[in-house]
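# Remarks on the overall topology
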Amino acid sequence: MIRTVTYFLLSATLICLAASCKKKGENEKLDKDNDPNSSFMSNKEGSWWLYGVSNGTINRRTATGRDSTQLDKVFNYYELQDTVTYDILPEYFGKNKDFMLMLTDIDGGQTNYALIVIYKEDGKVGDSWTNTGNFTFSGVPIQGKIEGRIESTGGSMTIGDKTYQEVTLIHNDLKAKLVGSPVYTDCGTAKLWFAKDIGIIKSDYDFHIASFFSRQYRDSLLDYHIVP
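Residues numbered from 1 in each chain as written. Predicted model: local features only at pLDDT ≥ 70, side-chain atom pairs only at ≥ 80, totals over all residues. Heavy atoms only, no water.

### Description of the overall build of the protein
Note the following rule: Helix and strand labels come from DSSP, where a helix needs a run of H or I of at least four residues and a strand needs a run of E of at least two; each type is numbered from the N terminus. Using a 1.4 Å probe on the protein chains alone, a residue whose accessible area is under 20% of its type maximum counts as buried, one over 50% counts as exposed, and one in between counts as partly exposed. We call two residues in contact when some of their heavy atoms are within 4.5 Å. Working definition of accessibility: Shrake-Rupley area with a 1.4 Å probe, residue cover restricted to the visible protein chains.
On a plain count of helices and strands, the protein comes out with one helix and 13 strands. In the protein, the succession of helices and strands from N to C terminus is α-β-β-β-β-β-β-β-β-β-β-β-β-β. Sorting the 228 residues of the protein into buried and exposed places 49% on the buried side. Intrachain contacts of the protein at a sequence separation of at least 6 include 53% that bridge at least 24 residues. In the structure as shown, the protein presents an accessible area of about 11,100 Å², 49% of it carried by carbon and sulfur atoms.

Laid out in C-alpha cells, this is it:
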C-alpha cells in the first residue's frame with residue numbers, strides 16, 4: 001500500500017515538476033556538496049515518526065543514522081514503512097545552503113531520483129523558491145514548475161492530543177504546460193507543515209492534472225520519538 005500511495009504522489013509531483021525552462025529553479029543552483037548540519041529533522045538512529053494517512057493506513061518514518069550518496073551529494077537516509085503491509089520506501093533528505101532537500105523517485109525503480117527543495121531553514125513569511133527539472137510523461141515533453149513559499153511561521157498546531165510549537169507552513173503551487181504552449185495549467189497544491197526540531201508534522205496534497213488525474217492525500221503526525 002505504501003508504495004502505491006507514495007508512487008502516485010511522486011508521479012503526480014514530477015508531472016508538474018517537468019520543466020525545461022530557461023530560468024533554473026533553486027533546486028538546480030545548489031552548492032556542490034550538501035551540509036550535514038541541520039535542525040530540520042533528526043537522523044539519530046532510533047528516532048521515529050508515526051503518521052495517520054487519510055486512506056486509513058499508518059506510516060512509520062525511521063531515522064537510520066546512516067548517509068547515502070545520490071546525485072553526487074550526501075543525504076541522510078530514512079525509511080518509511082507501512083505498518084500494515086510492512087513495505088519499506090527509502091527516503092533521502094539533506095541540506096544545501098539554507099534549503100532543505102528531498103529526493104523523489106521518478107519511476108519507482110529507486111535508481112532515478114529528482115532533487116526538490118521543500119523547506120527553507122530560518123525562513124521568513126513571503127520567502128519563495130522555484131523547483132525546475134526535465135521530464136517526459138508518456139513520451140510527451142512537458143514544461144512545468146513548483147513554486148514554493150513560506151505562508152506562515154512561528155505558529156502552533158494541535159493534532160490529536162499533542163500541540164506543536166514553532167510551526168512553519170510551506171505552500172507549493174504545482175503548474176505545467178505542454179512544450180510550446182504559452183500558458184501554464186494549474187496542477188494543484190502541496191502543503192507541508194514543519195515543526196522545529198521535529199520535522200514534517202502534516203501534509204496535504206491536492207492534485208488535479210487536466211481531466212485524467214485527480215487525487216487527494218493527507219497525513220498527520222500521531223506520535224514521535226527523538227533520540228537525544
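### A closer look at the pattern of salt bridges
For clarity, the cut-off: Salt bridges are defined as contacts in which a side-chain nitrogen from Lys or Arg sits within 4 Å of a carboxyl oxygen from Asp or Glu.
Applying the stated criterion across every chain yields a total of 11 salt bridges. The shortest N-O distance in the salt bridge between R61 and E91 comes to 2.6 Å. Residue R61 is found in strand β2 (residues 58–70), and its partner E91 is found in strand β4 (residues 88–96); the two are separated by 30 residues along the sequence. We note a salt bridge from K95 to E121, for which the minimum N-O separation is 2.7 Å. Note that K95 is positioned in strand β4 and E121 in the loop between β6 (113–120) and β7 (128–131), a separation of 26 residues in sequence. For the pair K95 and E121, a shared accessibility class is recorded, and that class is buried. Each of K145, E147 and K175 takes part in salt bridges that share partners, so that together they form one network.

### Section: the nonpolar core
Condition: By nonpolar core is meant a set of buried Ala, Val, Leu, Ile, Met, Phe, Trp, Tyr and Cys residues that side-chain atoms within 4.5 Å join together.
Of all hydrophobic cores here, the largest spans 47 residues; its most connected members are F40, W49, I118, Y164, F194 and I201. Residues in contact with I118, not counting those within four places in the same chain, are F40, F93, M100, M102, W129, I170, L192 and F194.

### Focus: the side chain of S42
Short version of the rule: The definition of a polar contact used here is a pair of N or O atoms within 3.5 Å, where within protein one atom must be able to donate a hydrogen and the other to accept one, and adjacent residues in sequence count solely through side-chain atom pairs.
Positionally, S42 belongs in the loop between α1 (2–17) and β1 (48–53). Take S42: its relative accessible area is 15%, and that puts it in the buried class. Within the structure, S42 has its side chain in polar contact with the backbone nitrogen of K44 (distance 3.1 Å). Those residues within four positions of S42 in sequence are excluded, and the remaining contacts are S47, W49, A63, Y78 and I226.

### Quick word on the packing of aromatic side chains
The geometry of an aromatic ring pair is captured by the separation of the ring centres together with the interplanar angle, meaning the angle of the planes. Stated precisely, the cut-off is as follows: The pairing test for Phe, Tyr and Trp rings, Trp by its six-membered ring, is centres within 6.5 Å, and the orientation test on the planes gives stacked under 30 degrees, edge-to-face over 60, and tilted for anything in between. We count a charge as sitting over a ring when the NZ of a lysine or the CZ of an arginine lies within 6 Å of the ring centre and within 35 degrees of the ring normal.
One pass over the structure, following the stated rule, counts 12 aromatic pairs. Seen from their ring centres, F40 and Y119 are 5.7 Å apart, and the 40° between their planes marks the pair as tilted. Of this pair, F40 sits in the loop between α1 and β1 while Y119 sits in strand β6, and the two are 79 residues apart along the sequence. Relative to Y113, the ring of Y92 has its centre 5.3 Å away and its plane inclined at 75°; by these criteria the two rings are edge-to-face. In this pair, Y92 is assigned in strand β4 and Y113 in strand β6, connecting sequence segments 21 residues apart. Accessibility classification places Y92 together with Y113 in one group, the buried group. These aromatic residues form a ring-pair network of at least three members: F40, W49, Y78, F93, Y119 and F194. In this structure, K202 is placed above the aromatic ring of W193, and the distance from its NZ or CZ to the ring centre is 4.8 Å.

### Some thoughts on the pairing of strand β5 (residues 99–105)
Put simply, the rule is: In this scheme, strands are said to pair when DSSP sees at least two bridges between them.
Among the seven residues that make up β5, six are buried, leaving the element largely enclosed by the rest of the structure. Relative to β5, β4 runs antiparallel, the two being bridged by four bridges. Within the sheet, the bridge partner assigned to G94 lies in β5 and is L101. Hairpin connection of β4 to β5: two residues between the antiparallel strands, including K97 at a positive phi of 60°. Pairing of β5 with β6, which is carried by seven bridges, proceeds in the antiparallel orientation. Paired with M102 across the two strands is I116, which belongs to β6.

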